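A look at the structure
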Amino acid sequence: MTNSEILSRIDHTQLKAVAKWEDIEKLCREAVEYKTASVCIPPSYISRVRKAFPDLNICTVIGFPLGYSTTAAKITEAETAIADGADEIDTVINIGDAKNGDFEKITKEISAIKSVIGDRILKVIIETCYLDEEEKINLCECVTIGGADYIKTSTGFGTGGAVLSDIELFKKHIGGNVKIKAAGGVRTRDDLEAFINAGCDRIGTSGAVAILTGGENNAY
């Protein structure tokens, strides 16, 4: 697998709370140079990035990283992000709803967010490190019925990140229109290739460019 093939699947990510404009600008310049799938940045930087890099594919996060914002708050975040220039939205489910077995509520929230962003890409982070297998399977159904474009493993801020066994589980239980994004703990070239070969269409990481070009790896 070539570097360019790997990079074309990378959401080049900088979501540190202390990220300065210089960090975001560097991320964006790397994304342009290496043709990553997108940059994934905090919502507060969307407008500035859109002005500075008008052709860049911008991903952002809502309800991040804990997921327990109300649906109304997430919808407002999504609407604002789209108005500011975002192309893709990564939202975190309410993990408490999953623990309470209220999967219908999660499905409705996903559907509501998708309805306000239209044909823009919606990725749903289920934070696998906090879930058992049955919960993960139920959430595959939520993501599918809710109309999301991707199921995503992790925020990168939980107690664990992506593992290959979860990718295999997703493949068995998601609908045919749902793709897979891995994030969290994907830090070597072998990791990148393994997750892509396992079926991931996207990988969220801040380290891929450094991994593949020999630069500094600033994992988020």
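Structure: see above.
Nothing here was measured: the structure is a model prediction, and the numbers come from that model.

Side note on the overall build of the chain
Helices and strands together make up the secondary structure of the chain, namely 10 helices and eight strands. In terms of C-alpha radius of gyration, the chain reaches 16 Å, essentially the compact-globule figure of 17 Å for 220 residues. Principal-axis analysis of the C-alpha atoms places the extent of the chain at approximately 45 × 35 × 30 Å. Counting over 220 residues, the chain shows a buried share of 51%. Approximately 9500 Å² of the chain is accessible, and the part contributed by carbon and sulfur atoms is 48%. Looking at the chain, you have 25 positive and 33 negative side-chain charges, and the mean spots of the two groups are 3 Å apart.

Describing the environment of Ser111
By the secondary structure assignment, Ser111 is in helix H6 (residues 103-117). Taking the C-alpha atoms as reference points, Ser111 and Arg9, separated by 102 residues in sequence, lie 25 Å from one another.

Side note on the packing of helix H7 (residues 133-146) against helix H8 (residues 164-173)
Packed helix pairs are characterised by how far apart their axes lie and by the angle those axes make with each other. Put simply, H7 and H8 touch, their axes get as near as 9 Å, and they point 50° apart. For the element pair H7 / H8, the angle class is oblique. Considering how the two elements wind past one another, H7 and H8 form a crossing that is right-handed. Where H7 approaches H8, its residues Glu133, Lys136, Ile137, Cys140 and Thr144 are matched on the opposing element by Asp166, Leu169, Phe170 and His173.

A closer look at the sheet that holds strand E6 (residues 150-152)
Here eight strands make up a closed barrel; going around it, the order is E1-E2-E3-E4-E5-E6-E7-E8 and the pairing parallel. Going across the sheet, the axis of each strand differs from the next one's by a mean of 25°, ignoring polarity. Pairing between E6 and strand E7 (residues 179-183): three bridges, direction parallel. From the neighbouring strand, Ile151 faces E7, where its bridge partner is Ile180. Against the sheet, helix H2 (residues 21-34) contacts strand E1 (10-13) and strand E2 (38-41), and its axis sits at roughly 165° relative to E2. Docked against the sheet, helix H9 (residues 189-198) engages E1, E7 and strand E8 (202-205), running at close to 150° with respect to E8.

With respect to the environment of Ile6
Here Ile6 shows up in helix H1 (residues 3-7). A relative accessible area of 0% means that Ile6 is categorised as buried. Taking the C-alpha atoms as reference points, Ile6 and Arg202, separated by 196 residues in sequence, lie 9.2 Å from one another. Among residues more than four places away in sequence, those in contact with Ile6 are Met1, Arg189, Leu192, Glu193, Ile196 and Leu212.

Thoughts on the side chain of Lys152
Among the secondary structure elements, Lys152 is positioned in strand E6. A residue is classified by how much of its surface remains accessible, and Lys152, at 2% relative accessible area, is buried. A polar contact of 3.0 Å, which involves the side chain of Lys152, links it to the side chain of Asp90. Not counting the four nearest positions on each side in its chain, Lys152 is found in contact with Asp90, Val124, Ile125, Ile126, Glu127, Lys181 and Ala183.

Observations concerning helix H4 (residues 71-84)
End to end, H4 covers 20 Å across 14 residues, agreeing with the expected 20 Å (1.5 Å per residue, within 8%). Burial in H4 covers these residues: Lys74, Ile75, Ala78, Ala81 and Ile82. The buried residues of H4 all sit within an arc of 130° when viewed along its axis, so they share a single face. Projecting away from the buried face of H4 at angles above 90 degrees are the exposed residues Ala72 and Ala83.

Definitions and cut-offs
- Residues numbered from 1 in each chain as written.
- Predicted model: local features only at pLDDT ≥ 70, side-chain atom pairs only at ≥ 80, totals over all residues.
- Heavy atoms only, no water.
- Helix = DSSP H or I, 4+ residues; strand = E, 2+ residues; numbered from the N terminus.
- Rg over C-alpha atoms; globule rule 2.2 N^0.38 Å.
- Buried < 20%, exposed > 50% of the residue type's maximum accessible area, 1.4 Å probe, protein only.
- Areas by Shrake-Rupley, 256 points an atom, 1.4 Å probe, with all protein chains shown as cover.
- Lys, Arg positive; Asp, Glu negative; His and termini not counted.
- Charge placed at Lys NZ, Arg CZ, Asp CG, Glu CD.
- Axes fitted to C-alpha atoms, helices over the stretch in contact; angles between N-to-C directions.
- Parallel < 35°, antiparallel > 145°, perpendicular 65-115°, else oblique.
- Left-handed = near helix turned anticlockwise from the far one by under 90°.
- Contact = heavy atoms within 4.5 Å.
- Pairing = 2+ DSSP bridges.
- Polar contact = N/O pair within 3.5 Å; in protein donor to acceptor, adjacent residues only side chain to side chain.
- Expected span 1.5 Å × (residues − 1).
- Arc of directions from axis to C-beta.

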